[in-house]
Each structure stands twice: as C-alpha cells, then as structure tokens.
Amino acid sequence: MKISHYITDRAAKTTVLICAASSILILVAIIIFIVLQGLPTFQKVSVFNFIFGMEWRPTNGQFGILPMIVGSIAVTFGALLLAIPLGIACAILLADVAPHRVRQILRPAVELLVGIPSVVYGLVGLVLLVPAVRQLGGNGFSILTASLVLMAMVLPTIISISDDALRAVPRAYKEGALALGATRWQTISRVLLPSARSGIVASIVLGMGRAVGETMAMIMVIGNSIAFPKSPLDPARTLTGNIAVEINYASGTHENALFATGIILLLFIIILNSITITVLKKGIHKYAEHLS
Amino acid sequence: MAPGKIIRRLTMVVCLAATIISPVILSGCTRGSASVIIAGSTSVQPFAEVLAEQYMILNPGITIDVQGGGSAAGIMAAQSGTADIGMSSRALNADEAKLWYVEIAKDGLAVIIHPDNPITNLTLEQVRDIYSGQTTNWESVGGKKAGIHVFTREDGSGTRAAFESLVMAKTEIMARAMVQDSNGAVRQLVADDSNAIGFISLGLVDKTVKAVELNGVIASREHVLDGSYKLTRPFLFLAAKEPTGLVKEFIDFTLSAAGKKILDTEGLVTTGITP
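The following refers to the structure shown. Since the model is a prediction, treat every value here as computed from it, not as a measurement.

## Regarding the pattern of salt bridges
Proximity of charged atoms lets side chains of opposite charge pair with each other.
Then comes step 1: Summed over all chains, the structure comprises 20 salt bridges over all chains.
Then comes step 2: Glutamate 246 of chain A is the salt-bridge partner of arginine 237 of chain A, the closest N and O atoms lying 2.9 Å from each other.
Then comes step 3: You can call arginine 237 of chain A buried: its relative accessible area is 2%.
Then comes step 4: Taking the relative accessible area as the measure of exposure, glutamate 246 of chain A reaches 1% and is therefore buried.
Then comes step 5: Here aspartate 107 of chain B ties to arginine 233 of chain B by a salt bridge, and the two come within 3.0 Å at their closest N and O atoms. Of the two residues, aspartate 107 of chain B sits in strand 4 (residues 100–113) while arginine 233 of chain B sits in strand 11 (residues 232–239), which places them 126 residues apart along the sequence.
Then comes step 6: With a relative accessible area of 2%, aspartate 107 of chain B lands in the buried category.

## Structural notes on helix 5 (residues 158–168) of chain B
Residue and element names in this part refer to chain B.
Then comes step 1: All buried positions along helix 5 are accounted for by Gly158, Thr159, Arg160, Ala162, Phe163, Val167 and Met168.
Then comes step 2: Between the side-chain oxygen at the start of helix 5 and the backbone nitrogen of threonine 159 there is a gap of 3.2 Å, and the oxygen is on serine 157.
Then comes step 3: One or two steps after helix 5, the chain reaches alanine 169, where phi turns positive at roughly 50°.

## Notes on the interface of chain A and chain B
Then comes step 1: Across the contact, 31 residues belong to chain A and 30 residues belong to chain B.
Then comes step 2: When chain A packs against chain B, close to 2,600 Å² is buried across both sides, 61% of that on carbon and sulfur atoms.
Then comes step 3: Its salt-bridge partner being aspartate 193 of chain B, residue arginine 134 of chain A comes within 3.7 Å of it at the nearest N-O pair.
Then comes step 4: Here chain A is connected to chain B by 8 residue pairs in polar contact (both at pLDDT 80 or more).

## Regarding empty space enclosed by the protein
Then comes step 1: All chains considered together, the criterion is met by 1 cavity of 30 Å³ or more.
Then comes step 2: Reported here for the largest cavity is a volume of approximately 70 Å³.
Then comes step 3: In terms of lining residues, the largest cavity is bounded by 13 residues, among which Trp56, Arg57 and Ile226 of chain A together with Arg160 and Val179 of chain B are the most central.
Then comes step 4: Residues belonging to the lining of the largest cavity are distributed by class as follows: 7 nonpolar, 1 polar and 5 charged.

About the thresholds
- Residues numbered from 1 in each chain as written.
- Chains lettered and ligands numbered in written order.
- Predicted model: local features only at pLDDT ≥ 70, side-chain atom pairs only at ≥ 80, totals over all residues.
- Heavy atoms only, no water.
- Salt bridge = Lys/Arg side-chain N within 4 Å of Asp/Glu carboxyl O.
- Buried < 20%, exposed > 50% of the residue type's maximum accessible area, 1.4 Å probe, protein only.
- Helix = DSSP H or I, 4+ residues; strand = E, 2+ residues; numbered from the N terminus.
- Polar contact = N/O pair within 3.5 Å; in protein donor to acceptor, adjacent residues only side chain to side chain.
- Contact = heavy atoms within 4.5 Å.
- Buried area = accessible area lost by both parts, 1.4 Å probe.
- 1 Å grid on protein atoms, 1.4 Å probe; cavity = no way out; pocket = protein on both sides within 12 Å on 5 of 7 lines; lining within 4 Å.
- Points joined across faces, edges and corners; volume = space filled by probe spheres on them.
- Nonpolar A, V, L, I, M, F, W, Y, C, P; charged D, E, K, R; others polar.

Any functional reading would require information that these geometric values do not contain.
Written out as structure tokens, the structure reads:
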C-alpha cells in the first residue's frame, strides 16, 4: 500500500469519527436540554397525573396531557389506516403492473410529493378538506381532516420504500410462480408481497415516524381543542401541536410543562425507532435465510 | 445497518441539530449592552417593540430591549428594578398602585362573527354562556338553527387572559373550544365559517368579519374611550419611581403625538389624534 493511500485512509477515518462523535454529542445535548427544562414540571404534578390527566389548564395549574397523547395516536393511526392500503396498492402498481413508461412518470411524481413543505399540505387541507368535512357534521376541524392531510403526507414514504422492497424480490421467485401456473394476482399476493414484507413494514414504521412528528399541517386543520376527542369528527390537539401553539407566551411552570410534553414526545419517537430497528434487523435475518 | 446508511443518518442528525442550535447561539450574541430594558405583559410587548424600533431609528446608538414574561412579571420587574419599565395589560391593585405608572393606551376586545350571521347584538351573559358551553346553538341567542363553532386563543395569551377576566368571570372557557395561536388566525377562521365566533383585538377587526354589539354598545374606538364599551383593558408602563433620563425620554416619546400615532396605527386606542 502506498503511503499516500494510508494518509487519505486515516484522514477519512478521523473525519468520520469526529463527525459521528459531534453529532452524538449534539443529540445528547438536545436530550439533556429538554429533560432539564421539562423536569421542574414534575415538582408541581406527578408523572402519572401528567400523562394520564384529562385537564390541560396550565395557567390554572392543571397539567394533564392524555387528550393530546390520544390525539396524536388517533391522527397517526387514522392516517396509516388510510395510507397503508393505498400506498401498498400504488407500490404494487409501480413495481409490477405499470408499464415502464408509466413508471418513469409516476415514480418521480411520488418522490416530488415528499418535497412539498408541510405548511402547503396544511393550507390545502384548510381550504379544501375543512369545508368538505364540515358537511359531515361538526365544524370541519377534526381528527378525520387531520388524518386525511397526514395520509397525503405519509403516502410518498410508504409508496417509494414499498416499491423498492417489491422490486428487490429476486426475479426468479416471480418467474417460478408464473411457471407453476399461478395467476398474476396470485403471484403478487402470495409471492411478491410476503417476500417484500419486511421492507413494507419498514415503510409503514417510517411513515408513522413522520406522522407523529408532523406539526404545522396538524395545527392548521385539527382545531387544537384541549377536550378529549370522542369521535373522528371532534377537534383534538397533538403533542407537537401543544408545544407549538402555546410556546409563544408560556412562562414558568407552563413553559416547563411544554418541555415535559417534549420529553413524552421524545419517548414516543424512541419507542417507534426501536420498533423500526427491530423490524429492519428481522428483515436482514430473513434475507440471510433465503440465501442459505 | 450498512455503514453508508449510518453516515447518512448521522449527517442528517448533524444538519438538524445545527439548524436547531444556530438560532439560539445567534440570538444570544445579539443581546449587547442595553440602555433601557422593558419587560412584562406579552399583550403590550409587540406595541412596545414597534415603539422601541422607531425610537432607535430616531436616536441611533440607544438600545431598547423589550422582553415578555406577563403582566405579573412586569410589575415585579419594575418594583425590583430588574427592568427600567414594566408593562402591564391590567389595572393595578391597591398595593401595586404605589408604583409610578402611566396609561399609554387602551385596548378593546371585539367579539367577532361571520358577516352573514344575522346576529348583531349579544349580551355579556350570552357571550359567556357560548364560551362556557352552556349555549351551543345560534337559535338560543336569536339566530338561525345551527351549532356554534367557538374559537379561542391559547392558554398563556394575553388576549385570552383579558377575555377571561372581562367576560368569563368565574367560569372557564370550555375544553371543546378550538384554539388558534394568533389574532390573525382567529379572524381568518371566523371569516371562513358562517357559524363561528371568536374574539380579537379591536384594532384588527376588518371587513371580513363582523364585530357584535355588546349589551347594545357598538365596539368602536369612541366607545372604548368613553368607557361605555365594556371589553377594554388599559396598557400601562410602570416604574419603581418617577423616571428620569433616558427612560423618561422614551416614555415621553410614547406619550407624544408621534408615539400615539404609532399606537393608533397598530390598532390601539389612545387619546391622541384619531387616524
């Protein structure tokens, strides 16, 4: 090995190490900051009452965020319920059904959707969906409206990753199934989809991550009310929305409580990420099994 | 996970963290040596900021630092001297009235509805019942048969605090009310929904919404000034003792015709020349 190669090698290694170390430091700093700012809340209210409390009246000393936790979960699962069938159907179309030329147009179009800023999704939701949902009853600002907007936002993630997973299935599987006399649909449903399962699940979990973190578009269409939502047509508030709506003028314990909301949100996302990692690992094992 | 993926992910985290942290660092740097510190009510804050901005243009080299914190914090800061000027958006109680203070303007709160809504007048009790959730249909207050869509401001907002103390008395704004985080957003959503009701600063009422009469009194600058319109609150500047020097000069500027004109254009009601 030439000496110059050795130097570039070492330089690259060190650079990567410094980058990695500093990014982890920043992450740790953010977590410490949020936790330090949020912890004083729990001198005024117990962790249990904070998480399971039904009343959020921070200037009145009541700090219960259960309605927001439920709001976040409701919009996330509402969005996934709508986006999963649509997204997988679209991925199948892209990966297996559509002719090459259609795919060449559709795939970039789907990827373009990821780049649209969330405030634009929110605006479209506010102008088009809110009046439409109002026709169903309620005032239009609701979990349903928010789920619909969120569905549009997570669809591109689900479609593009599921499409990749479906296309990664070895060609021999499909050819084998067809050669055995399976119909096209049988091939898709019993061979392609099960083989690509881990990739599809990963796409869903990644979509879920985006859904939980979405803030701006949600504030615009969900109504932000602090009541416990009882139906999909009720307004609600998400955890992210709680922080964004109230941080402007919050001070003292109120401000701490918003940071504490951030702690809960962080825990939420850590749990989701561990699920993603487990699912991805499983996928790798499964792939290894296929090879052996 | 492939190493490439790890690096990609780490780079993403670095970028994200940098975006989050850099404004914090930058804003920390801009806090130089301030000559006058103003702190208190978040309702008065935006107006004080405009005044400070204009004053700093007219008097280069002087820094006026405006901070929030709420009326209570403003009164305390003036008392203790941590701020040169405290801001309050409520009248002082007997104890606090020992401080030196001056009313820089009055702020009116307008209860707004959609222009197509046939209602023109509501009593204070009717507004309270709508916001507490006792009244849920426009029919019960003389309107058409339709559910009332109630919009309010977020907890911690000065406008909400004023509405609560002037209208709600001891009752609470119902949890089902929809929350928006600015006067502008409330106005926009009320303008978009024929069954909506909201409240905003009087100065921000425009043609897209209708301000209701309260107990038969039209919400107008004149009625705020003569005291017949009930939803008003004073905006106060206060200090530990009679101000001198730079602080006095800034307060004089606020109370001058130029200062009043700024406050009037920003939507407040002063005794100055009507715009």
